[in-house]
Amino acid sequence: MSETPMSRTTLVHGLAGFLVLGTVAVTIARCDGIGMPACLAWSHGLSLLGLPPAERRLAEFLILLPPAALIVCLVRQVVGWSTFGTFSPALLGLAFRHPETWQGFPVFLGLLLGGWAMRQVLQPLRLLHVPRLSVLLTMLALALLLLVAQAPKLGWHLSDDLILFPLVILTGIIERMWLIGSEDGQRASFQILLTTLLTAVLISGLLGRPAVVDFLLHHPEMLLLVMAGQLVLGRFTGMRWTEIARFRWLVSDAATSDVAMNANSQTQDNLLLLRFEAGSSRYRLSQETDAWPSASGSLGSVV
Amino acid sequence: MALRQWLARIGRLTLLPSDVLTINCRNVQFGLDVNSPSAIARADDKQQTCKLCVSHGIPTPRLFAVLESYQDLDRLSDRLARVPEFVVKPNRGRGGQGVVLIVARHGTSFLRHNGERWTKDDLLVHISDILSGQFSFDGQPDIALIQQRVRLHPGWSSLAVEGIPDVRFIVYRGELVMAMLRLPTKASRGCANLHQGGIGAGIDLATGRLTHAIWQERPITRHPDHGILLRGQTVPFWNEMRYWALAAAQCSGLRYVGVDMTLDAAEGPVLLEWNARPGLAIQLANRAGLLSRLREKDQRCLSRV
């Protein structure tokens, strides 16, 4: 359908544009007081505000998950934070979106750190991968069961939404944390844990507000808008915020004088073209006197 | 106002293209847009890379054994009886995870390159971890490869102290775009990977001379361990290395590819692997962005048609 990267990006942007237009059209069509024709009367039935409580909880979760995923996309593609698992911050943020469930957060953090400590205990046993994960899962399930059994006596109210955050994902986070810790150091793994938690906090802070939930339930068509955002992020090629720090002396205005000074004192890269001839074992060397723009943006001298 | 300038700069860099190839840009425009899924899958499979190299006559470390199942572990000691030193690798690993170098053998114990001693059981547990997929990039069950260990070539002697350096080439549409020498340091414990503490030094493509260097994402001029001036050092066998890198890129079937070459004491330039998603730190080591070079090759290819 499309041959070059650019036309593919244009296609995606076009699709996103259509989704935005569709959202606007549906929203306008649903406005009361414009005197909509009868053929559009169906759009009044879109609101999910009138559902019975059990269905409403499900609808709430379903309608919040896509925007939460969009926030995860933003955090990963634009900010550049890495998170444990793609959607575990979304599930985590949604599980703790009500203020009355915040007391469950220490429980979660305790399970996570406890599980991490247990993983450390399991290490010298040199268990195989899948049984080791299963042992970890069993330990977490036991800990959670004990907690559930004790909660009424202690007068704690454990969140029903805790069920949204399956133990399997918790186990996965602990295992990933351990692996990253053993390969890149504990600092890196706790950094990723921190960014995962911050993303979850961002999601629960933005999407936990009753006004947002009611708005989305009344306008489910907004999910099209969310999808448009996800599509655009799917072809996003800009620099991540974390990369700006990394590449600062390739792009920074302040650093160019320093780079240019260094560049002048050494030979510019000569452009060397070396083409491998298919089917023969010979290569052709051709040297072009073509200089790359140096880091300062000016054309360097040809050596 | 400083804050406003700062925010404007972040916005500009986020939304407008610059000369730097970013992670997002590589993944979107130099991933599936230019490379076929089958070629990417082949690049992720080291055993297939090795087979392709052998059939195309590209020098590469020999493959001693391929362990595909737990039953193969029983026969391992027979196969390794005459091999004192070898490398254990996951077939579909990422970032050097799970790679273990055995440099010597003392009776029944194996000596790792970092001085740690492993018993035969330690080795078997590590291999079964590989088989269960602990080090594979997608977590799927994997195959363990036992490969010939590359030995330090005397040509490296002025540069290398702790381990074997290698050269990363970026090849796009059959032409060399950028190259970087990766040097292990004491901090990286013999590993040439940049994020584990190796040095990255940009290479002038025409002459094979080192230009700039970075260590732990910061510019350096001298080797942090023994103080040798890096700029101006020449990569040995540069012409052969370039030749084999281009041959390997051709063989890989990838349009945008990172080819890793090194020097073996006996065999000279050998291909280590090729990578469909090569890292971006090579731009820091060369103090130049990749994007304009890649775009220029695009232009040249379009005008040729």
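Residues numbered from 1 in each chain as written. Chains lettered and ligands numbered in written order. Predicted model: local features only at pLDDT ≥ 70, side-chain atom pairs only at ≥ 80, totals over all residues. Heavy atoms only, no water.

### Observations concerning the overall build of chain B
In plain terms, the rule: Secondary structure elements are defined from DSSP: runs of H or I of at least 4 residues count as helices, runs of E of at least 2 residues count as strands, and each element is numbered from the N terminus. Radius of gyration here uses only the C-alpha atoms, and the compact-globule reference equals 2.2 Å multiplied by the residue count raised to the power 0.38. Partly exposed residues are those whose accessible area sits between 20% and 50% of the maximum for their type, while under 20% is buried and over 50% is exposed, using a 1.4 Å probe and protein chains only. The criterion used for residue contact is that any of the two residues' heavy atoms lie within 4.5 Å. Only the protein chains shown count as covering a residue, and every accessible area follows the Shrake-Rupley method with a 1.4 Å probe. Only four residue types enter the tally: Lys and Arg on the positive side, Asp and Glu on the negative side, with His and both chain ends excluded. Note that the charge is assigned to NZ on lysines, CZ on arginines, CG on aspartates and CD on glutamates.
Helix and strand content of chain B: nine helices and 13 strands. Relative to its length of 305 residues, chain B is compact, with a C-alpha radius of gyration of 20 Å against a globular reference of 19 Å. Expressed along its principal axes, the backbone C-alpha trace of chain B runs to roughly 65 × 45 × 40 Å. Within chain B, the fraction of its 305 residues that count as buried is 57%. Pairs at least 24 residues apart make up 60% of the contacts formed inside chain B by residues separated by at least 6 positions. Just so you have it, chain B exposes about 12,800 Å², and 53% of that area is on carbon and sulfur atoms. Side-chain charges in chain B split into 38 positive and 28 negative, and the spacing between the mean points of these groups amounts to 6 Å.

### Concerning the sheet that holds strand β4 (residues 109-112) of chain B
All names here are of chain B. Under the convention used in this document: Note: two strands are recorded as paired if DSSP finds a minimum of 2 bridges between them. To get an axis, a line is fitted to the C-alpha atoms, and for a helix only the part in contact is used. The angle between two axes follows their N-to-C directions and goes from 0 to 180 degrees.
The strand order across the open sheet built from six strands is β1-β6-β2-β3-β4-β5, with neighbouring strands paired in antiparallel fashion. Looking along the sheet, the strands with just one partner apiece sit at the ends: β1 (63-67) and β5 (117-118). Note: β4 against β5, two bridges, orientation antiparallel. Looking at β5, one finds that Leu111 is bridged to Arg117. Here helix α6 (residues 120-131) sits on the sheet and contacts β1, β2 (86-90), β3 (100-106), β4, β5 and β6 (144-147); the angle it forms with β2, its principal contact strand, is near 30°.

### Notes on the packing of aromatic side chains
Residues and elements named next belong to chain B. Note the threshold: For Phe, Tyr and Trp, rings pair up if their centres lie within 6.5 Å, where Trp contributes its six-membered ring, and each pair is then called stacked (planes under 30 degrees apart), edge-to-face (over 60) or tilted (otherwise).
Counted under the stated rule, the structure contains eight aromatic pairs over all chains. Aromatic pair Phe30 and Tyr172: ring centres 5.5 Å apart, planes at 75°, arrangement edge-to-face. Remark: Tyr172 occurs in strand β7 (residues 166-172) and Phe30 occurs in the loop between α2 (23-29) and α3 (37-44); sequence separation between them is 142 residues. The exposure classification of Phe30 matches that of Tyr172, with both residues buried. When the centroid spacing of 6.0 Å and the interplanar angle of 75° are considered together, the rings of Phe86 and Phe110 count as edge-to-face. With Phe86 in strand β2 and Phe110 in strand β4, the pair connects residues that are 24 residues apart, well separated along the chain. Like Phe110, Phe86 is buried.

### Some details on the packing of helix α5 (residues 129-154) of chain A against helix α6 (residues 167-184) of chain A
All names here are of chain A. For the record, the criterion: Our angle categories are set so that under 35 degrees counts as roughly parallel, over 145 as roughly antiparallel, 65 to 115 as roughly perpendicular, and the remainder as oblique. The sense of a crossing depends on the near helix, which, turned anticlockwise from the far helix by less than a right angle, makes the crossing left-handed and, turned clockwise, makes it right-handed. Three classes are used, and their members are as follows: Ala, Val, Leu, Ile, Met, Phe, Trp, Tyr, Cys and Pro are nonpolar, Asp, Glu, Lys and Arg are charged, and the others, Gly among them, are polar.
Packing of α5 against α6 leaves a shortest axis separation of 10 Å and a crossing angle of 125°. In terms of axis orientation, α5 runs oblique to α6. The chirality of how α5 crosses α6 is right-handed. Along its contact with α5, which presents His129, Arg132, Leu133, Leu136, Leu137, Leu140, Ala141 and Leu144, the element α6 presents Leu167, Val168, Leu170, Thr171, Ile174 and Glu175. Here the contact of α5 with α6 is built from residues that sort into ten nonpolar, two polar and two charged.

### Focus: the sheet that holds strand β12 (residues 256-264) of chain B
Residues and elements named next belong to chain B. Strand order in the open sheet made by the seven strands is β11-β10-β9-β8-β7-β12-β13, with antiparallel pairing throughout. Every other strand in the sheet has two partners, leaving β11 (218-220) and β13 (268-275) as the edge strands with one partner each. Mean inter-strand twist for the sheet, computed between neighbouring axes without regard to direction, equals 30°. Across three bridges, strand β10 (residues 210-215) lies against β11 in antiparallel orientation. Within β11, the position partnered with Trp215 by the bridge is Arg218. Packed on one face of the sheet, helix α7 (residues 238-252) meets β7, β8 (175-183), β9 (199-203), β12 and β13 and runs near 140° to β12.

### A look at the confidence of the model for chain B
Threshold: pLDDT runs from 0 to 100 and stands for how confident the predictor is about each residue.
Averaged over every residue, the pLDDT of chain B is 88; residues scoring 70 or more account for 99%. Interface predicted TM-score (ipTM) for the complex: 0.76; the corresponding pTM is 0.77.

### A closer look at a nonpolar patch on the surface
Filter applied, for reference: Only residues above 30% relative accessible area that lack a salt bridge enter a patch, with like-charged residues linked at up to 9 Å and the nonpolar side chains Val, Leu, Ile, Met, Phe, Trp and Tyr linked at up to 5 Å. Within this document, salt bridges are pairs made up of a side-chain nitrogen of Lys or Arg and a carboxyl oxygen of Asp or Glu, the two lying within 4 Å of each other.
Taken together, the side chains of Val20, Val24, Ile28 and Leu225 of chain A present a nonpolar region at the surface, about 300 Å² in accessible area. Of the residues forming the nonpolar patch, the biggest block, three residues, is contributed by helix α1 (residues 5-30) of chain A.

### Here's the deal with the environment of Gly14 of chain A
All names here are of chain A. Along the polypeptide, Gly14 turns up in helix α1. Given a relative accessible area of 32%, Gly14 falls into the partly exposed group. Residues Gly14 and Leu231, 217 residues apart in the sequence, show an inter-C-alpha distance of 9.9 Å.

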